[in-house]
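Here's the letter readout for the chains.
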Amino acid sequence: MDRFRDPADLAELLGDWMSGPGPLYRKLARALQRAVQDGTLEPDERLPSERGLAGALAVSRATVVTAYDELRGLGIVDSRRGSGTRVVRQPAASRPGADGRVPGGRATSIVQRLIDVPDEVISLRHAMEGAVPELATELAALLAEDLPELMRDVGYYPSGLPALRATVAERLTTTGLPTTPDEVLVTTGVSQALALTAQMYLRRRSIVVVESPGWPGCFDVFRAAGARLVGVSLDEDGIRLDALARAFAEHRPDLLYVMPTVHNPTGTLMSESRRRGVARLAAGHGVPILEDNANTIGDRDIPPIAAYAPKDAEILSADSLAKSVWGGLRTGWVRAPSATIERLARHKALADLGSPVLDQALAARLLPRLPEIAAARGATLRQRLAHLTALLNEHLPEWRFQPPSGGSALWIELPDRDAATFAQVALRHGVEVIPGATMDPTGTHDTYLRLPYTFPAPVLTEVVTRLTTAWTELTAHGPRQKTSE
């Protein structure tokens, strides 16, 4: 069993293993021991070579050698000539997930980091911020004006609260996609929209065409359904039509998943002509499209791909209020033909019988105010982007990036450096970043990283200060070893 043939995969799953007291080798040994106990490393699992893991973790080979020696002394691993170092036992009292860790693949560690990240580390894994002030205003009004009537109802709406479905339909119609309430399904965020779509369209060995790079949490949803991902590159207008046509012809996929407005992580805004081309191409090949528009922040109102589609196209358009209003308001929706929504609603009913009614009622009150909310949040983000850009140009001028069309993060290329290695050094200096290879189903983009700018200016200043120190250490001296080692 050689799941971690690439040492970067294991380094990603170990997370912030450097936290806490003691020498590095002992902290690494403890992290590997925990990985055995929680089932991340299984019996007979072959560990990476000392040199390979040292490179992925940006530590000396001696650190890994000593950590492996400590594990051998505990009887957890064994080393034999020709077969490397392997896990020889798993404590009988433990089982995968028993310690509360999130099970799953390499990308799922992003979710686990919500739990693990210590306070002193500035985590850049999630480009989110607090709620907009309008949420508190509308919540107070909801409790005062609507709550008594809502409480007289049974509270079960598997397809969604009628008032919210009508409001979503009206908003989509206004933005250029004529929609009726029966073409809307309310979900518990876009994450559930993806999961329900995967249940309905995918089976084991199904093929999903995705943008490369993309958001790894979404990729894991499709992988969990047993699907195989085929990545297609982007240009300045979005997913490339020539490469998409080849992928359709060669792989005959079951689903196309795209983020047209705005793409995560590159910040690319798919052009109108590209949206029309994607819709026609998918319809011609009979491939359903799931478009994820949840990354939209700011004052742009661009019609979804479905607005440019021929009548025979099957397109599901997902969105939510997580980015524009608050991540804690777990309310999203899917727009699709009514027959598709009816089928999807059956999967939703089996999942949870319907999303929370109070959340939906609050969302229905907030949606009409979304243009003003988005404009204000967009103005704030543009100020923060300008601040971050100025800092990077001053302190890290060799880093390359294109100003994004929207969204909340920069997609940065590091000159001739592996981003996963830099991420390990940056973590040692108190900043957690996502290396690009984690966000690419093909494993490329290994010199890229994602840098959100959703933080206040003082935090962004501190982030760049720490990243500059880490970059100087890596480029001028190589990864510096702590004296405690």
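Fair warning: this is a prediction, and the values are worked out from it, not measured in the lab.

A. View of the pairing of strand β12 (residues 332-335). Residues Gly332 and Val334 point to one face of β12 and Trp333 and Arg335 to the other, with burial holding for every one of them. With 4 bridges connecting them, strand β11 (residues 315-320) and β12 associate as antiparallel partners. Counterpart to Ser320 in the pairing with β12 is Gly332.

B. Molecular detail of the sheet that holds strand β15 (residues 434-435). Pairing is antiparallel across the open sheet formed by 3 strands, whose spatial order is β13-β16-β15. Across the chains shown, the open sheet's two edge strands, defined by having one partner strand only, are β13 (409-413) and β15. Note that β13 and strand β16 (residues 448-452) share 5 bridges and pair antiparallel. Within the sheet, the bridge partner assigned to Trp411 lies in β16 and is Arg450.

C. Spatial organisation of the environment of Thr85. Looking at where Thr85 falls in the secondary structure, it is placed in strand β2 (residues 84-87). Once the C-alpha coordinates of Thr85 and Tyr68 are considered, the two residues, 17 residues apart in sequence, prove to be 8.1 Å apart. Side-chain polar atoms of Thr85 contact the side chain of Ser79, separated by 2.7 Å.

D. The arrangement of the pattern of salt bridges in detail. Applying the stated criterion across every chain yields a total of 20 salt bridges. Close ionic contact of Arg26 with Glu70 constitutes a salt bridge, the shortest N to O distance being 3.6 Å. Separated by 44 residues along the polypeptide, Arg26 in helix α2 (residues 24-37) and Glu70 in helix α4 (residues 61-73) bring together distant segments of the chain. When the shortest N-O distance is used, the salt bridge between Arg384 and Glu129 registers 2.9 Å. Of this pair, Arg384 sits in helix α14 (residues 370-395) while Glu129 sits in the loop between β3 (122-123) and α6 (133-151), placing them 255 residues apart in sequence. A relative accessible area of 24% places Glu129 in the partly exposed class.

E. Quick look at the environment of Gln33. Examined against the element boundaries, Gln33 turns out to sit in helix α2. Overall, the relative accessible area of 23% leaves Gln33 in the partly exposed class. Distance in space between the C-alpha atoms of Gln33 and Glu70 is 10.0 Å, their sequence separation being 37 residues. Not counting residues within four places of it along the chain, the set of residues in contact with Gln33 comprises Leu71, Leu74 and Ile76.

F. Quick peek at the packing of aromatic side chains. One pass over the structure, following the stated rule, counts 5 aromatic pairs. Measuring from centroid to centroid gives 5.6 Å for Trp399 and Trp471, while their planes differ by 90 degrees, and the two rings are edge-to-face. Of this pair, Trp399 sits in the loop between α14 and β13 while Trp471 sits in helix α16 (residues 457-477), and the two are 72 residues apart along the sequence. Here Trp399 matches Trp471 in class, with each residue buried. When the ring of Phe422 is compared with that of Trp471, the centres are 5.5 Å apart and the planes differ by 80 degrees; the resulting orientation is edge-to-face. Of this pair, Phe422 sits in helix α15 (residues 419-428) while Trp471 sits in helix α16, placing them 49 residues apart in sequence. Side by side, Phe422 and Trp471 carry an identical accessibility label, which is buried. Pairwise contacts between aromatic rings join Trp399, Phe422 and Trp471 into one cluster.

Scoring rules and cut-offs
Residues numbered from 1 in each chain as written. Predicted model: local features only at pLDDT ≥ 70, side-chain atom pairs only at ≥ 80, totals over all residues. Heavy atoms only, no water. Buried < 20%, exposed > 50% of the residue type's maximum accessible area, 1.4 Å probe, protein only. Helix = DSSP H or I, 4+ residues; strand = E, 2+ residues; numbered from the N terminus. Pairing = 2+ DSSP bridges. Polar contact = N/O pair within 3.5 Å; in protein donor to acceptor, adjacent residues only side chain to side chain. Salt bridge = Lys/Arg side-chain N within 4 Å of Asp/Glu carboxyl O. Contact = heavy atoms within 4.5 Å. Phe/Tyr/Trp six-rings, centres within 6.5 Å; stacked < 30°, edge-to-face > 60°.

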